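# Chains, contacts and geometry: an overview
If you want the building blocks of each chain, they are given just below.
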Amino acid sequence: MNLIFIDRLPFVRYIRHASSLFQDKILQYTLKVQTTREKLIRILQNAHAGECAAAFAYRGHWMSLKDSPEKTRIKEIEAEEWDHRRRVGGWLEKLDAKPNKIREKIFWSIGRTLGTTCFLSGWFMPMYFAGRLESQNSVEYEEAAAFARELGMHDCVEDLLDMARVEVEHELFFHETVAGHRLLPIMRRVFGWS
Ligand SMILES: [Fe+2]
Ligand SMILES: [Fe+2]
């Protein structure tokens, strides 16, 4: 049988068409998975660097305070941020990715600077801005968990949601700590938190 004749058979044309549609679907799925994976990696890289900044900022913060329950709690929060950083680093490794070196350096500097300014900026400002930043951290982990869910990484989803829960606890601590302060209404109007 002539090959050109085989090409023209409706059955063969149908198979070709179906095969091409299937390949397109596979390609679309692969691109979607890659995109979601890349989004998850990006957000984890941001969180990894952000946790370093947060931990150093809290180190400066508790060191600037007199012995008190607040000082003890902020010391604990520093330890929880280092724990988050370690766990986020683990998920990056599982995704065959690494922390973003430039972002790490920038956030290391930010954390060190914020930690030092806590000795100069008084009691209220570090408490207020810590709470405001914590409210963003929990949202970041919830977004990362949504990407992990799309990728079917169920252990990662649970871990990220647990970290989001801890960030909410941090936010609540700072929220309760600054509640009733005379500067709060002004700061709330300008920066919109609490
Ligand atoms: Fe954290
Ligand atoms: Fe936190």
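Keep in mind that this is a model prediction, so the values were computed, not measured.

### What to know about the overall build of the chain
Each helix and strand in the chain was counted, giving 7 helices and 0 strands. Counting from the amino terminus, the chain carries its helices and strands in the arrangement α-α-α-α-α-α-α. Within the chain, the fraction of its 194 residues that count as buried is 28%. If you take every contact in the chain between residues at least 6 apart in sequence, the share linking residues at least 24 apart comes to 77%.

### With respect to the environment of Glu81
Along the chain, the position of Glu81 falls in helix α3 (residues 69–94). Classification of Glu81 as buried rests on a count of 27 C-beta atoms within 10 Å. Placed 27 residues apart in sequence, Glu81 and Ala54 show a C-alpha to C-alpha distance of 6.8 Å. Other than its neighbours up to four places away in sequence, Glu81 contacts Glu51, Ala54, Ala55 and Tyr58.

### A word on helix α4 (residues 101–117)
Over its 17 residues, α4 runs 24 Å from end to end, which matches the ideal 24 Å to within 8%, given 1.5 Å per residue. For α4, the full list of buried residues reads Phe107, Gly111, Leu114 and Gly115. Axial view of α4: buried residues confined to an arc of 100 degrees, hence all on one face. In this structure, α4 carries Lys101, Ile102, Lys105 and Ser109 as exposed residues pointing more than 90 degrees from its buried face.

### Some points on the environment of Phe119
Along the chain, Phe119 turns up in the loop between α4 and α5 (124–150). As a C-alpha pair, Phe119 and Ser64 span 55 residues in sequence and 5.3 Å in three-dimensional space.

### Let's talk about the packing of α3 against helix α6 (residues 154–178)
Where α3 meets α6, the closest approach of the two axes is 11 Å, and the angle between their N-to-C directions is 160 degrees. Relative to α6, the element α3 lies roughly antiparallel. For the element pair α3 and α6, the recorded crossing hand is left-handed. For the pair α3 and α6, contact is made by Glu70, Arg73, Ile77, Glu80, His84, Arg87 and Trp91 and by Cys156, Asp159, Met163, Val166, His170, Phe173 and Thr177, respectively. Taken together, the residues of the contact of α3 with α6 sort by class into 6 nonpolar, 3 polar and 5 charged.

Reading the values: the criteria
Residues numbered from 1 in each chain as written. Chains lettered and ligands numbered in written order. Predicted model: local features only at pLDDT ≥ 70, side-chain atom pairs only at ≥ 80, totals over all residues. Helix = DSSP H or I, 4+ residues; strand = E, 2+ residues; numbered from the N terminus. Buried ≥ 20, exposed ≤ 12 C-beta atoms within 10 Å, placed from the backbone. Contact = placed C-beta atoms within 7 Å. Expected span 1.5 Å × (residues − 1). Arc of directions from axis to C-beta. Axes fitted to C-alpha atoms, helices over the stretch in contact; angles between N-to-C directions. Parallel < 35°, antiparallel > 145°, perpendicular 65-115°, else oblique. Left-handed = near helix turned anticlockwise from the far one by under 90°. Nonpolar A, V, L, I, M, F, W, Y, C, P; charged D, E, K, R; others polar.

Purely spatial values, then, with no claim about function.
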